[in-house]
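Letter by letter, the chains look like this.
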Amino acid sequence: MKVAFLGLGNMGLPMALNLVKAGHQVQGFDLLQAQLDAFKAGGGLPVLSASDAVADADVIISMLPASRHVEALYLGNSGLLVIANPKALLIDCSTISPKVSQAISTQAKAKGFAMIDAPVSGGTAGAQAGTLTFMVGGDAVDLDRARPLLEKMGKNIFHAGASGSGQTVKVCNNMLLGIQMLGTSEALRLGIANGMDPKVLSDIMSKSSGRNWALELYNPCPGVMDGVPSSKGYAGGFGVDLMLKDLSLATENASDLDASVPLGELSRKLYEVHSQAGNGQLDFSSVFNLKLD
Ligand code: NAD
């Protein structure tokens, strides 16, 4: 199967390389030369444009930062819906607005393409290990076509429902994750202010009713856990600005539907303050150091 992979960033690069390792011919494109070089070093075939990548592809996968990048890639006079072969299956793995995702999918179907939204959870470690969770929106028959590839990049593949549903699940999940990371950080800081050792505090809470993913697997307090961003100066991982984008997707979605998400809104504001203080590129667990006046 010939695969075009567009967007070789923190997530896209290891995902595309897992397809290469599984024996697929993968033509990859990114706007950044450094990402193309890393793709080549891992055994992939870098190309000079999106149109070169998709020319004879059976499947086209995109992994871009946000809604506006995905709209720009697929739509317009030189977008994928014009230049790609409609026999190609389109898989967008980026986290974007459910509304935008549905709109692109509707236009894709009108031009004869099959398209699924397949955002992921599991972070860069999951992307490298090939253990991502995929949340898929679209027709079951199209997911079945995608499954052999998704299985090379992930270990849990869920069909959430119609087009855009994968994005809806992802937005709900990341709103909860953003809230959990803030709550976990707040509890740890309170314990530390009381003179507690954060490792002892974390070990006890991990076996108590406050246990959660941020505490147990991605502890935000430096020195508690090896191998996580908090113990590497908050480098790599999932950026503050990407979490801020996802919380904005959640609050915009809630406002469209008149749904109430007060904790989501408060969390969005807190990550915004943290980003504006110059921390946008750090991992989102750096919100442990959030300073409020
Ligand atoms: P990233 O910024 O590291 O990578 C995005 C890449 O897309 C960049 O290399 C950029 O140059 C490239 N790009 C932008 N426009 C392009 C275009 N038109 N053609 C080709 N390449 C283009 O971001 P990331 O961390 O890889 O995240 C990608 C998506 O996955 C985001 O939507 C993010 O929310 C989501 N996500 C990230 C994580 C994580 O832990 N980083 C986890 C789950 C989901």
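Residues numbered from 1 in each chain as written. Predicted model: local features only at pLDDT ≥ 70, side-chain atom pairs only at ≥ 80, totals over all residues. Heavy atoms only, no water.

**Topic: empty space enclosed by the protein**
Logical step 1: If you walk through the whole model with that rule in mind, you get one cavity of 30 Å³ or more.
Logical step 2: By volume, the largest cavity is sized at about 50 Å³.
Logical step 3: Taken together, Asp92, Ile96, Ser101, Ile104, Ser105, Met115, Ile116 and Asp117 make up the lining of the largest cavity.
Logical step 4: Listed by contribution, the elements that provide at least two residues to the lining of the largest cavity are helix 6 (98-110) and strand 6 (114-117). (1 Å grid on protein atoms, 1.4 Å probe; cavity = no way out; pocket = protein on both sides within 12 Å on 5 of 7 lines; lining within 4 Å. Points joined across faces, edges and corners; volume = space filled by probe spheres on them. Helix = DSSP H or I, 4+ residues; strand = E, 2+ residues; numbered from the N terminus.)

**Things to note about the domain arrangement of the protein**
Logical step 1: Once the domains are mapped, the protein shows domain 1 (2-162) and domain 2 (168-289).
Logical step 2: Summarising the inter-unit geometry, the C-alpha centres of domain 1 and domain 2 are found 27 Å apart.
Logical step 3: The partner domain 2 presents twelve residues to the 15 residues of domain 1 that form the contact.
Logical step 4: Between domain 1 and domain 2 lies a buried interface of about 970 Å² when both sides are counted; carbon and sulfur atoms form 64% of it.
Logical step 5: When the buried area of domain 1 at its contact with domain 2 is split by residue, Thr95, Pro98 and Met135 rank highest and sum to 46% of it.
Logical step 6: Here domain 1 and domain 2 share one salt bridge between them. (Domains from an automatic or database assignment. Contact = heavy atoms within 4.5 Å. Buried area = accessible area lost by both parts, 1.4 Å probe. Salt bridge = Lys/Arg side-chain N within 4 Å of Asp/Glu carboxyl O.)

**Some thoughts on the pairing of strand 8 (residues 132-137)**
Logical step 1: Judged by how many residues are buried, strand 8 sits mostly within the fold: six of six residues are covered.
Logical step 2: Residues Leu132, Phe134 and Val136 line one face of strand 8 and the alternating positions Thr133, Met135 and Gly137 line the opposite face, and both faces are buried.
Logical step 3: Where strand 8 lies against strand 9 (residues 154-161), six bridges are found, and the strand directions are parallel. Bridge assignment links Met135 to a residue of strand 9, and that residue is Phe158.
Logical step 4: Handedness of the β-α-β unit built from strand 8, helix 8 (residues 140-153) and strand 9 comes out right-handed. (Buried < 20%, exposed > 50% of the residue type's maximum accessible area, 1.4 Å probe, protein only. Pairing = 2+ DSSP bridges. Right-handed = clockwise from strand over helix to strand, strands pointing away.)

**Re the pattern of salt bridges**
Logical step 1: Counted under the stated rule, the structure contains nine salt bridges.
Logical step 2: Between Glu216 and Arg211 there is a salt bridge whose closest N-O contact spans 3.2 Å.
Logical step 3: Of the residues examined, Glu216 reaches a relative accessible area of 27% and is grouped as partly exposed.
Logical step 4: Among the ionic pairs, Glu265 bridges to Lys269, the shortest N-O distance being 3.8 Å. Linking Glu265 with Lys269, this pair stays in helix 13 (residues 262-279), spanning four residues, or about one helical turn.

**Focus: the UniProt feature "active site" (unreviewed entry) in the protein**
Logical step 1: With numbering matched to this structure, UniProt assigns "active site" (unreviewed entry) to Lys170.
Logical step 2: Of note, Lys170 is situated in helix 9 (residues 165-193).
Logical step 3: Other than its neighbours up to four places away in sequence, Lys170 contacts Thr95, Pro119, Val120, Ser121 and Met135. (UniProt positions renumbered as here; feature names shortened; annotations may be inferred.)

**Remarks on helix 1 (residues 12-21)**
Logical step 1: Helix 1 sits mainly inside the fold: nine of its ten residues count as buried.
Logical step 2: Along helix 1, the positions that sit buried rather than exposed are Gly12, Leu13, Pro14, Met15, Ala16, Leu17, Asn18, Leu19 and Val20.
Logical step 3: Two residues or fewer past helix 1, Gly23 is found with a positive phi of approximately 100°.

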